[in-house]
Amino acid sequence: MGQITSPQVRCDSRTRALFADALVWDNHCSTTITPGKPEWTAELHRVRDSGIDVVGVNVSFDVAPPEHAFVLLAEIRRWLKDHPEHYALVGSVAEIERARREGRLAVFFNVEGGNALQRNASVVSLFYELGVRWMLFAYNRNNALCGGCTDTDTGLTDFGREVMDEMERVGMLVCCSHIGERSALEIMARATRPVIYSHSNPAAVWAHPRNISDAAMRACARTGGVVGINGIGIFLGENDASPELIARHIDYAVQLIGAEHVGVGLDYAFDQEEAYAYVKAHPESYPPDKFPNGIAMAEPECLPRVAELLLQRGYTDRDLRNILGGNLQRVAREVWK
């Protein structure tokens, strides 16, 4: 796959050729928060048409009721299996590569925060069997696993360590996005496999509690992991989700930790009105001074332009192939079982 078919995409012929040759992997998006809302399916078509080969779909985050996770997993799994001509539910790198050869969008799942485990580490293996391939521990606020990035971070708990060990046992990637720096550094010091920041931007480029320090990025790279740059306006700049700012954050991360440790997780919400309503309704998780109404989000069609901008900065095709998906493919090959 990798072919750009969306008429909304504007980029030069070199970038189009690169997308046709590279594995393009967006590590994080959100279809819907509430089960029973099938409108998200048209947005998944957009992801495919923009030239993306692999996408990680969120099915739970700490602010939402934990029981939603299994219902959303059931609904999305069923829909994917009912549309095998264009989509493939994947759980391995081999399945991703097969889907790409067949021109199908490869889809796997992610969970944002350990509340969905309902204080039972054995749920990790069930999530894995259902297609969840990475999970972060806490979503902005402290929970039973660790500290959140907008809370007073108290560090990794005994239950958090139990969950981490179980994730490494089954082959699920450990993610440090949305959690506090103390907890993240404790996780990465404990890790025996690569750890990721699925969708976090450098705080040195734009200061925000959700963004991460140079020390955190270096620690992630030392595990062999990947920092995924997101496309959320308030994490990029003054609520600006332009390709130029995404490219700037990617470039900063590359200069700090190397092109082999940087990827993409746009964090695009398919139902933005639903996402905005959740932000407004939960100020305890989204402090209004840090999470204003009407947050700008980069759409999937932006990625070719981001790649074009990086090529204009002098990036090699090899570096771009790694950033667009090769690095995430590597860590998946090392961790997934």
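Residues numbered from 1 in each chain as written. Predicted model: local features only at pLDDT ≥ 70, side-chain atom pairs only at ≥ 80, totals over all residues. Heavy atoms only, no water.

(A) Focus on unusual backbone geometry. A positive phi angle, near 70°, is found at Asn140, a position not held by glycine. With respect to the secondary-structure elements, Asn140 resides in the loop between strand 5 (132-136) and helix 6 (158-170). Taking relative accessible area as the criterion, Asn140 reaches 0% and is therefore assigned buried. Phi at Asp267 is positive, roughly 65°, even though this residue is not glycine. (Helix = DSSP H or I, 4+ residues; strand = E, 2+ residues; numbered from the N terminus. Buried < 20%, exposed > 50% of the residue type's maximum accessible area, 1.4 Å probe, protein only.)

(B) Spatial organisation of helix 8 (residues 214-222). Of all the residues in helix 8, the buried ones are Ala216, Met217, Ala219, Cys220 and Ala221. Buried residues along helix 8 sit in contact with helix 7 (181-190), strand 7 (195-197), strand 8 (226-229) and helix 10 (243-257). A positive phi of about 90° marks Gly224, the residue just after helix 8. (Contact = heavy atoms within 4.5 Å.)

(C) Quick peek at the environment of Arg101. Along the chain, Arg101 falls in helix 4 (residues 93-101). The class for Arg101 is exposed, based on a relative accessible area of 67%. For the pair Arg101 and Asp53, spaced 48 residues apart in sequence, the C-alpha to C-alpha distance is 9.9 Å.

(D) The side chain of Asp62, seen in detail. Position of Asp62 among the secondary structure elements: in the loop between strand 2 (54-61) and helix 3 (68-81). Look at Asp62: it is buried, it has no salt bridge, and the nearest opposite charge is Arg141 at 9.5 Å. At 3.4 Å, the side chain of Asp62 and the backbone nitrogen of Gly114 are in polar contact. A distance of 3.3 Å separates the side chain of Asp62 from the backbone nitrogen of Tyr139, its partner in a polar contact. Excluding its chain neighbours within four sequence positions, the residues that come into contact with Asp62 are Glu112, Gly113, Gly114, Asn115, Ala116, Phe137, Ala138, Tyr139 and Asn143. (Lys, Arg positive; Asp, Glu negative; His and termini not counted. Salt bridge = Lys/Arg side-chain N within 4 Å of Asp/Glu carboxyl O. Polar contact = N/O pair within 3.5 Å; in protein donor to acceptor, adjacent residues only side chain to side chain.)

(E) Spotlight on the pairing of strand 1 (residues 25-30). Of all six residues in strand 1, six are buried, a share of seventy percent or more. Note: strand 1 against strand 2, four bridges, orientation parallel. When the sheet's bridge partners are listed, Trp25 is paired in strand 2 with Val54. When strand 1 meets strand 10 (residues 268-269), the two strands line up parallel, connected through two bridges. Looking across to strand 10, one finds that Ser30 is bridged to Ala269. (Pairing = 2+ DSSP bridges.)

(F) Broad picture of the environment of Gly36. Here Gly36 shows up in the loop between strand 1 and helix 2 (41-49). Gly36 sits in the exposed class, given a relative accessible area of 53%. Put simply, Gly36 and Leu72 are 36 residues apart on the chain and 8.2 Å apart in space, counted from C-alpha to C-alpha.

So far we have only geometry, and geometry alone does not tell us how the molecule works.
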